[in-house]
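Given next are the chains, with one letter for each unit.
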Amino acid sequence: MKTVLIATKNKGKAKEFESLFASKGYEVLTLLDIPNAPDVEETGSSFEENAVIKAEAIARQAGHFVVADDSGLIVDALDGRPGIFSARYAGEDKNDQANLEKVLEELRGVPEGERTARFYCSLALASPNQETITVAGSVEGLIINEPRGDSGFGYDPIFFVKDLGKTMAELSSQEKNKISHRAHALKELESLLDSFLERERLS
Ligand SMILES: O=P(O)(O)OP(=O)(O)OP(=O)(O)OC[C@H]1O[C@@H](n2cnc3c(O)ncnc32)[C@H](O)[C@@H]1O
Ligand SMILES: [Mg+2]
């Protein structure tokens, strides 16, 4: 089976990539499988910049092509926050529960019609031998008042998907993997991946 290395230490993302790539015939490895994998500092000012920083740092270290994901929640009433600071919104310890509570607190009193938001995912595909490629995907939603559901990870329990009448955390993993920002970004990457890997083989 073909293997792809994903430059992430996030267990929720790792699980989703395993199932998203399984349908394309790839086995997924992440930094969680590699002892002492470095923490790459996310010093960029956009999702794209951070995805590229992570992908290129790990590709250089591993001497192999990798995919990195930089993603987050963009809330219109909060001028786009938490945005690229989604993982550490409530503090350096990256606590999902504290992060979503901070968003709910900041939105207290904001009427339903003004609680629009989107999840955004930038994927970067990098190799020591080639120019880095980036793609992106997003999904629209509303931030509800109370967390609902216990699947998924991160901000999923407060992100309501209007068309499905459920929060992201109330969807099965199969359902989330059809409509998520990550799934949409990966769809974009799919058409570029084969030719990237062919150039990789020839380099
Ligand atoms: O950098 P890596 O190691 O990949 O792991 P991370 O958790 O730090 O990941 P990011 O820097 O990309 O931060 C993304 C944050 O946005 C949130 N997020 C991203 N995708 C999400 C999803 O599908 N559902 C819910 N929350 C999500 C989640 O809280 C993440 O911690
Ligand atoms: Mg991160």
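Note that the coordinates shown come from a computational prediction; the quantities given were computed from them, not determined experimentally.

**Side note on the sheet that holds strand β5 (residues 130-143)**
Step number 1: Read across the sheet, seven strands follow the order β2-β1-β3-β4-β5-β6-β7 without closing on themselves; strand pairing throughout is mixed. For this open sheet the edge positions go to β2 (26-30) and β7 (166-167), each flanked by a neighbour on one side alone.
Step number 2: Pairing analysis gives two bridges linking β5 to strand β6 (residues 159-161), with the strands arranged antiparallel. Directly across from Ile-143, in β6, lies its bridge partner Phe-159.

**Comments concerning the side chain of Asp-156**
Step number 1: The residue Asp-156 is located in the loop between β5 and β6 in this model.
Step number 2: A polar contact of 3.0 Å, which involves the side chain of Asp-156, links it to the backbone nitrogen of Phe-153.
Step number 3: Contact partners of Asp-156, with chain neighbours within four places excluded, come to Phe-119, Ser-151, Thr-167, Met-168, Ala-169 and Lys-176.

**Focus on the UniProt feature "active site" (unreviewed entry) in the protein chain**
Step number 1: Per the UniProt record, "active site" (unreviewed entry) is found at Asp-70.
Step number 2: Tracing the backbone through its elements, the reader meets Asp-70 in strand β3 (residues 66-75).
Step number 3: Aside from chain neighbours lying at most four places away, what touches Asp-70 is Lys-13, Glu-42, Phe-47, Asn-50, Ala-51, Lys-54, Tyr-120, Cys-121 and Ser-122.
Step number 4: Only 2.9 Å separates the side chain of Asp-70 from the side chain of Lys-54, close enough to count as a polar contact.

About the cut-offs
Every chain's residues receive numbers from 1 upward, in the order its sequence appears when written. Both sets of labels track the order of writing: A upward for chains, 1 upward for ligands. Given that this is a predicted model, residues contribute local features only at a pLDDT of at least 70 and side-chain atom pairs are listed and counted only at 80 or more, while totals for whole chains, interfaces and linings are drawn from all residues. The basis for the side-chain values is all heavy atoms of the structure; hydrogens and waters are excluded. Pairing between strands is defined by DSSP: at least two bridges between them are needed. Runs of E in the DSSP output that reach at least two residues are strands. Runs of H or I that reach at least four are helices, and both are numbered from the N terminus. Any pair of N or O atoms that falls within 3.5 Å is considered a polar contact. Within protein, one atom must be able to donate a hydrogen and the other to accept it, and sequence-neighbouring residues count only if both atoms are side-chain atoms. Throughout, a contact is declared for two residues whenever any of their heavy atoms are within 4.5 Å. UniProt positions are given in the numbering used here, feature names are shortened, and annotations may be inferred rather than shown by experiment.

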